[in-house]
Amino acid sequence: MKGLSPSQKKRLSTLAAAVFWLLLWQAASMAIGHEILLASPVSVVYRLFTLLPEGEFWKALLFSVSRITLGFFLAFLSGTLLSMLSSRFSLMKALISPFVGVIRATPVASFIILVLLWLPSRRLSLFISFLMATPIFYSNVLTGLENLDRRLLEMAQVFEVSPRRRFRFLYLPQLLPYFRSASAIALGLCWKSGVAAEVIGLPQGSIGERLYQAKIYLETPELLAWTLLIILISILSEKLFLKLFDLIIRRVVSC
Amino acid sequence: MIQIEGLFKSFGEKAVLQNFSCSLPAGKTTCLMGPSGCGKTTLFRILLGLETPDHGVILGLEGKRKSAVFQEDRLCETLGPVPNLQLCSPGLSRERALSLLKDLGLEDSALSPISTFSGGMKRRVALLRALSAPYDILFLDEPFQGLDKETKQLTMDYVKKHTQGKTVFFITHDPGEADELSQHLILLPSTFPAIDQ
């Protein structure tokens with residue numbers, strides 16, 4: 001490990017941990033000896049690669065990614081708007097906060113079943129990811145708004161800084177870290193809740209439906225291949241979004 | 001001329017200003033001195049419109065543009081010094097801002113974020129921001145705190161040169177600073193009323 005930079009050491013230890021768990025998984029699968037009970041990592045990755053050339057695979061991917069991503073962005077907008085209203089009007093905060101608390105405490109499965117009564121299953125993952133992520137944005141952005149540096153706002157008042165410049169130079173730099181952490185949490189939650197909604201609602205041509213079918217036909221390698229894919233997309237979308245976010249932060253808050 | 005008449009301000013049970021009256025002559029630097037806790041910063045905040053007095057009137061501030069150096073620097077830490085100056089002076093060009101920074105020895109740090117600046121460097125940026133903003137009255141609350149002897153002298157000379165003939169309200173604890181800059185002195189003892197000299 002000598003001669004390695006701290007970031008290289010960290011990467012190496014992460015890789016070593018991943019290899020350890022993969023080997024353990026492989027060993028457990030071999031010990032059980034039944035692919036139906038626990039498919040090996042090799043057969044899961046192999047199944048994933050055999051799915052790639054299928055047109056239906058890409059259609060399912062597009063179906064779920066588009067709806068869950070849209071749900072995330074709608075939650076971003078609605079959470080931000082509600083937090084702004086709550087920060088400005090105490091009555092709005094008194095009204096919205098319990099509602100947000102109820103959404104947070106209610107099991108996602110209850111919402112999924114309830115929403116199935118109101119909406120067609122094709123829109124379920126969009127609505128559920130939106131519903132689950134909205135409180136995350138609401139709480140984080142509201143905390144950011146409540147922790148704004150009042151002394152800087154007073155300074156802007158004395159110097160009669162225009163609202164546009166206040167937004168860019170005072171509000172954005174202080175609020176962006178709250179948006180960033182909310183986005184990181186919300187993206188993972190959107191994927192978990194969105195796919196859970198699809199598994200229950202079974203919209204045709206979705207990742208959730210493919211997961212459910214794999215379970216019905218005891219296709220454990222395919223079930224785990226879809227799960228692996230969901231994890232990969234979730235991590236990738238989070239990394240991509242946060243990279244984009246950091247790029248915007250650097251441009252907005254440049255020297 | 002700014003006329004302050006019969007100003008009262010309390011925070012809960014604590015009376016900070018009681019029947020305070022004074023005048024700030026136009027085109028001159030008025031220095032306010034007094035012990036800690038006698039109400040200097042409260043008066044400063046009232047004049048800036050950040051606090052409302054319980055009673056009393058202030059005449060001559062209506063429609064006037066204000067600029068200020070607060071007791072704290074109140075800079076945007078993630079931004080560099082140039083955007084900090086431009087934030088309060090929308091018409092200020094980058095070249096002009098760089099030239100101002102050079103005047104107070106900050107040219108080498110022009111591209112660094114304020115968060116990396118020392119206390120003295122931040123203070124000089126806060127002063128340049130106040131001086132470069134368009135204003136009719138300049139308010140300074142202990143503007144030279146945190147500066148070493150040499151930088152303080154350079155900065156005081158700079159402030160003196162750039163505030164000639166302007167209306168300035170200046171709070172300090174340091175009699176040396178008051179001697180150097182003020183043309184009109186108000187002593188605010190812990191008991192009122194103020195002594196206008």
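Everything quoted here is computed from the prediction, not taken from an experiment.

(A) Here's a closer look at the overall build of chain B. In terms of helices and strands, chain B carries six helices and nine strands. In terms of overall dimensions, chain B is globule-like: its C-alpha atoms have a radius of gyration of 17 Å, near the 16 Å expected for 197 residues. In terms of overall dimensions, chain B has C-alpha extents of about 50 × 35 × 30 Å along its principal axes. Counted over contacts in chain B with a minimum sequence separation of 6, partners at least 24 positions apart contribute 69%. Within chain B, one finds 21 positive and 23 negative side-chain charges whose respective centroids are separated by 3 Å.

(B) Just a positive patch on the surface, in detail. Residue and element names in this part refer to chain A. Side chains of Lys10, Lys239, Lys243 and Arg250 sit close together on the surface and give a patch of like positive charge. Per-element accounting of the positive patch gives the leading share, three residues, to helix H10 (residues 220–252). Relative to the helices and strands, Lys10 is located in helix H1 (residues 6–32).

(C) Quick peek at the environment of Leu229 of chain A. Residues and elements named next belong to chain A. Here Leu229 shows up in helix H10. Put simply, Leu229 and Leu77 are 152 residues apart on the chain and 27 Å apart in space, counted from C-alpha to C-alpha. Contacts of Leu229, omitting those with residues within four sequence positions, involve Leu48, Phe57 and Leu61.

(D) Fine view of unusual backbone geometry. We note that Glu160 of chain A has phi near 55°; this positive angle belongs to a residue other than glycine. The phi torsion at Asn19 of chain B lies on the positive side, around 55°, for a residue other than glycine. As for its position among the elements, Asn19 of chain B is in strand E2 (residues 14–24).

(E) Helix H9 (residues 207–216) of chain A, seen in detail. Looking at H9 of chain A, one finds that the buried residues are Ile207, Gly208, Glu209, Arg210, Leu211 and Ala214 of chain A. Following H9 of chain A by one or two positions, Leu218 of chain A has its phi on the positive side, about 55°.

(F) Looking closely at the confidence of the model for chain A. Predicted confidence across chain A gives a mean pLDDT of 91, with 98% of residues reaching 70 or more. Confidence, read as mean pLDDT per element, is least for H10 of chain A in chain A (88) and greatest for helix H6 (residues 124–146) of chain A (95).

(G) Here's a closer look at the packing of aromatic side chains. Evaluated as defined, the whole model comprises 15 aromatic pairs over all chains. Here Phe20 of chain A and Trp21 of chain A contribute two aromatic rings whose centre-to-centre distance is 5.1 Å and whose plane-to-plane angle is 75°, an arrangement assigned as edge-to-face. The class for Phe20 of chain A is partly exposed, based on a relative accessible area of 47%. Relative to Trp58 of chain A, the ring of Phe57 of chain A has its centre 5.0 Å away and its plane inclined at 90°; by these criteria the two rings are edge-to-face. Site record: aromatic cluster; members linked through ring pairs are Phe72, Phe73, Phe76, Phe137, Phe179, Phe241 and Phe245 of chain A. Over the aromatic face of Phe63 of chain A sits the side chain of Arg67 of chain A, whose NZ or CZ is 3.7 Å from the ring centroid. In this structure, Arg74 of chain B packs its charged tip against the face of Phe70 of chain B, placed 4.2 Å from the ring centre.

(H) Up close: helix H7 (residues 150–158) of chain A. Among all positions of H7 of chain A, only Leu152, Leu153, Glu154, Met155, Ala156 and Val158 of chain A are buried. As for H7 of chain A, its buried residues are in contact with helix H8 (163–201) of chain A together with helix H1 (40–48), strand E5 (66–69), helix H2 (81–88) and helix H4 (119–132) of chain B. Phi turns positive one or two residues past the end of H7 of chain A, at Glu160 of chain A, with a value near 55°.

(I) Expanded view of the nonpolar core. Leu43, Leu47, Phe70, Phe139 and Phe169 of chain B are the most contacted members of the largest nonpolar core, which totals 110 residues. Ranked by residue count, the leading element in this core is H8 of chain A, at twelve residues. Formed jointly, this core draws a minimum of three residues from each of two domains, domain 1 (2–64 + 136–196) and domain 2 (76–128) of chain B. Discounting residues that sit within four places of it in the chain, Phe169 of chain B has contacts with Leu24, Thr30, Leu32, Leu43, Phe44, Leu47, Leu138, Phe139 and Leu140 of chain B. Core analysis: the second largest hydrophobic core is formed by nine residues, Phe111, Val115, Met132 and Ala197 of chain A among them.

(J) Structural context of the interface of chain B and chain A. Taken together, the contact pairs 27 residues of chain B with 15 residues of chain A. Between chain B and chain A, a total of about 1,800 Å² is buried, with carbon and sulfur atoms accounting for 65% of that surface. When the buried area of chain B at its contact with chain A is split by residue, Arg74, Leu79 and Leu87 of chain B rank highest and sum to 30% of it. Where chain B meets chain A, there are two salt bridges. Between Glu154 of chain A and Arg74 of chain B there is a salt bridge, and its shortest N-O distance comes to 2.8 Å. Counting across the interface, chain B meets chain A through four residue pairs in polar contact (both at pLDDT 80 or more). Those elements that place two or more of their residues in the side of chain B that touches chain A are H1, E5, H2 and H4 of chain B.

Conventions adopted
Residues numbered from 1 in each chain as written. Chains lettered and ligands numbered in written order. Predicted model: local features only at pLDDT ≥ 70, side-chain atom pairs only at ≥ 80, totals over all residues. Heavy atoms only, no water. Helix = DSSP H or I, 4+ residues; strand = E, 2+ residues; numbered from the N terminus. Rg over C-alpha atoms; globule rule 2.2 N^0.38 Å. Contact = heavy atoms within 4.5 Å. Lys, Arg positive; Asp, Glu negative; His and termini not counted. Charge placed at Lys NZ, Arg CZ, Asp CG, Glu CD. Patch = residues over 30% accessible without salt bridge, like charges linked within 9 Å, V, L, I, M, F, W, Y side chains within 5 Å. Areas by Shrake-Rupley, 256 points an atom, 1.4 Å probe, with all protein chains shown as cover. Salt bridge = Lys/Arg side-chain N within 4 Å of Asp/Glu carboxyl O. Buried < 20%, exposed > 50% of the residue type's maximum accessible area, 1.4 Å probe, protein only. pLDDT = per-residue confidence, 0-100. Phe/Tyr/Trp six-rings, centres within 6.5 Å; stacked < 30°, edge-to-face > 60°. Lys NZ or Arg CZ within 6 Å of the ring centre and 35° of its normal. Core = buried A, V, L, I, M, F, W, Y, C linked by side-chain atoms within 4.5 Å. Domains from an automatic or database assignment. Buried area = accessible area lost by both parts, 1.4 Å probe. Polar contact = N/O pair within 3.5 Å; in protein donor to acceptor, adjacent residues only side chain to side chain.

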